[in-house]
Amino acid sequence: MNKSIKILTFLLCTALVTFTWNLFLTADARLIFEQNSIMSRARDYLNHGLYTQAIASFNEAIAVTEIPNPDYLYELAEVYYEIGDRNNYRSVLQRLIYNQTPPNGQSLADLYLNLYYLDKDIANVQNIILLLNNGWTHTEDTRLLELYVNYRYAFVPRTATFDYASIILNNAGRVRQGDKWGFVNSIGQIVISPSFDYVTNFIGGYVVVQNDGVLEIINNFRERQSVASFYGSDIKNFDGANFAIRLPSSNNYVQATWIPDNFSIDLGIAEYQFIGRPLGGVRITKQNNLWGIEDRSGRPVNLTSEHIYQSIAVDSDGRSFVGGRIFVNQGIGYYMWGIEGEIIAGPFTNAKPFFEENGLAAVSNGEAWGLVDRMGNMVIDFIYEDAQSTGTNLAPVKQNGLWGYISVNSYPHPLEDFVGKIVIEPQFLNAMPLQNGVGPVENYAGWFYIMMPRYN
């Protein structure tokens, strides 16, 4: 008897489970049938050009199931694209990417590429860079990485052309038209029209300018801070307090010191053939055709005791001692020194100061130039006709008589060998380092600024 009850119970349970499962399958089948019926209606609307009704039916069909059908979503996206509704087209593709549910026959990378072609049509470079970078990060599809590299190094030329343009430092660059100097801002736009005989760099919001024999210090609002009782035939290498000035009565420079408290500018006594811009507590000077290293007040520092060096690497802004490194030539080539005078690397045939502490310095071996880091390691071999130091992921190099830019970034597999590759083809007569993605270059029309795409 007990055995019969157990068998009956088992049969009843089996029947109940089977019924429930069949009921579930029937309900699921009904949903699929309903969804297919709505989709059929949507496509019929589409065939007759009734886009509003078709879109409404597509959305109705997609909402039937709890998890949206990715094929139907993509079909809806194509409808939006066909009618020119770019915003909804983008929104549906982003939904598929977010859910990581590409339609049949496509991958997540394909969806990113669809968005890329959308942004390419409207030339939205900023969106392209962010999109391709995110796409590569999420999919590791090399198609996205290669496109990212191409757009990352696409530059936009600024419209103004000058007779000379300097590197942008402290969010300002010096520009010259004819024999007059002015300033541009951090993106190469003119903020003070060329109107001065001489100018220095802006430091801390102040600059030394001279015009019509009047030498003064002004701020970035052109408000006068001090006026000198003398003027020079050249002024340069302002550090916020001191600058070099060449008096008309002499071919040499003396140091001028701005004293804001009493609205005065005082002159030093010692004369030099060159006075560099003080940086890191150190300035370089030249006397009797030999170079020395001093502190701001002219006292020799622990790197040297007198003017004994044949040359010291200095850039166009008077900088030499950058990030605790300086290049000194003792007669057999340039050595990279540290703060205590220790030799870190060298000798090099020629050298240019570091542009930024963690950047790369241009050095040469014979006629060939390369780039070295602050520890003395060669990052770019000696293969170029010339090179400029850099603090960014791009370095100016000269090849076949023209300047372009190479990448000095490291990249993940499979583009790990991208370091050192030309990313902006040589096309300029001159090119300088970029600061925050903006840098001066020269072509046959003159100097102008190029700007790399900005993105976060």
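Look a little higher up for the structure.
Summarised in this report is the structure supplied together with it. (Residues numbered from 1 in each chain as written. Predicted model: local features only at pLDDT ≥ 70, side-chain atom pairs only at ≥ 80, totals over all residues. Heavy atoms only, no water.)

1. Looking at the overall build of the chain
Point 1. The helix and strand tally for the chain stands at 7 helices and 31 strands.
Point 2. Within the chain, the fraction of its 456 residues that count as buried is 46%.
Point 3. Considering only residue pairs separated by 6 or more positions, the chain has 38% of its internal contacts joining residues 24 or more positions apart. (Helix = DSSP H or I, 4+ residues; strand = E, 2+ residues; numbered from the N terminus. Buried < 20%, exposed > 50% of the residue type's maximum accessible area, 1.4 Å probe, protein only. Contact = heavy atoms within 4.5 Å.)

2. So, the packing of helix α3 (residues 70–82) against helix α4 (residues 86–99)
Angle between the axes and distance between the axes: these two values describe a pair of packed helices.
Point 1. Where α3 meets α4, the axes come as close as 8 Å, and the angle between the chain directions of the two elements is 160°. One finds that α3 runs roughly antiparallel with respect to α4. The interaxial crossing formed by α3 with α4 has left-handed handedness. Each of P70, L73, Y74, L76, A77, Y80 and Y81 in α3 lies in contact with α4, whose residues at this interface are R86, N88, Y89, V92, L93, R95 and L96.
Point 2. Residues that form the contact of α3 with α4 fall into these classes: 11 nonpolar, 1 polar and 2 charged. (Axes fitted to C-alpha atoms, helices over the stretch in contact; angles between N-to-C directions. Parallel < 35°, antiparallel > 145°, perpendicular 65-115°, else oblique. Left-handed = near helix turned anticlockwise from the far one by under 90°. Nonpolar A, V, L, I, M, F, W, Y, C, P; charged D, E, K, R; others polar.)

3. Considerations on unusual backbone geometry
Point 1. Note that the residue after G346, namely P347, is joined by a cis bond; omega there is 5°.
Point 2. Within the secondary structure layout, P347 lies in strand β20 (residues 343–348).
Point 3. Even without glycine at this site, N400 takes up a positive phi of about 55°.
Point 4. Looking at the secondary structure, you find N400 in the loop between β26 (394–399) and β27 (402–407).
Point 5. Residue classification places N400 among the exposed residues on the basis of a relative accessible area of 69%.
Point 6. Of note, the phi angle at N436 is positive, near 55°, even though the residue is not glycine.
Point 7. Secondary-structure assignment places N436 in the loop between β29 (430–431) and β30 (438–443).
Point 8. Residue class for N436 comes out exposed when judged on its relative accessible area of 51%.

4. Here we look at the pairing of strand β5 (residues 190–196)
Point 1. Here 3 bridges tie strand β4 (residues 180–184) to β5, and the two strands are oriented antiparallel to one another. Note on β5: the bridge partner recorded for V184 is I190. (Pairing = 2+ DSSP bridges.)

5. Side note on the environment of Y164
Point 1. Among the secondary structure elements, Y164 is positioned in strand β2 (residues 164–165).
Point 2. Along the sequence, Y164 and Q177 sit 13 residues apart, while their C-alpha atoms lie 7.2 Å from each other.
Point 3. Among all residues touching Y164, those that are not within four sequence positions of it are R174, V175, R176, W181, S316 and W447.

6. Structural notes on the packing of helix α2 (residues 51–62) against α3
Point 1. Remark: α2 packs on α3, axes separated minimally by 10 Å, with the N-to-C direction vectors making an angle of 160°. Judged by the angle between their axes, α2 and α3 are roughly antiparallel. When you trace α2 past α3, the crossing you get is left-handed. Residue-level contacts link Y51, I55, F58, N59 and I62 of α2 to Y72, L73, E75, L76, V79, Y80 and E82 of α3.
Point 2. Here the residues of the contact of α2 with α3 sort into 9 nonpolar, 1 polar and 2 charged.

7. Considerations on the pattern of salt bridges
Point 1. Within the structure shown, the criterion is met by 10 salt bridges.
Point 2. One salt bridge in this structure joins D110 and R143, with 3.2 Å as the shortest N-O distance. Of the two residues, D110 sits in helix α5 (residues 108–121) while R143 sits in helix α7 (residues 142–152), which places them 33 residues apart along the sequence.
Point 3. Residue classification places R143 among the partly exposed positions, given a relative accessible area of 36%.
Point 4. Among the ionic pairs, E216 bridges to R224, the shortest N-O distance being 2.5 Å.
Point 5. By sharing partners, the salt bridges in this structure join D110, D141 and R143 into a single network. (Salt bridge = Lys/Arg side-chain N within 4 Å of Asp/Glu carboxyl O.)

8. Observations regarding the sheet that holds strand β1 (residues 156–157)
Point 1. In space, the 4 strands of this open sheet follow the order β1-β31-β30-β29, with antiparallel pairing throughout. Each edge of the open sheet is held by one strand with a lone partner, namely β1 and β29.
Point 2. Both β1 and strand β31 (residues 446–451) contribute to a ladder of 2 bridges, which runs antiparallel. Paired with V156 across the strands is M451, a residue of β31.

9. A short note on the sheet that holds β20
Point 1. Strand order in the open sheet formed by 4 strands is β17-β18-β19-β20, with antiparallel pairing between adjacent strands. The open sheet has two edge strands with one neighbour each: β17 (311–312) and β20.
Point 2. Examined bridge by bridge, strand β19 (residues 334–337) and β20 share 3 bridges and lie antiparallel to one another. When the sheet's bridge partners are listed, M336 is paired in β20 with A345.

10. Considerations on the nonpolar core
Point 1. If you look at the biggest cluster of nonpolar residues, it comprises 52 residues, and the most contacted ones within it are L93, Y116, L132, L394, Y405 and F428.
Point 2. Top contributing element to this core by residue count: α5, with 8 residues.
Point 3. By size, the runner-up hydrophobic cluster in this structure holds 14 residues, among which are V208, I245, W258 and I265. (Core = buried A, V, L, I, M, F, W, Y, C linked by side-chain atoms within 4.5 Å.)

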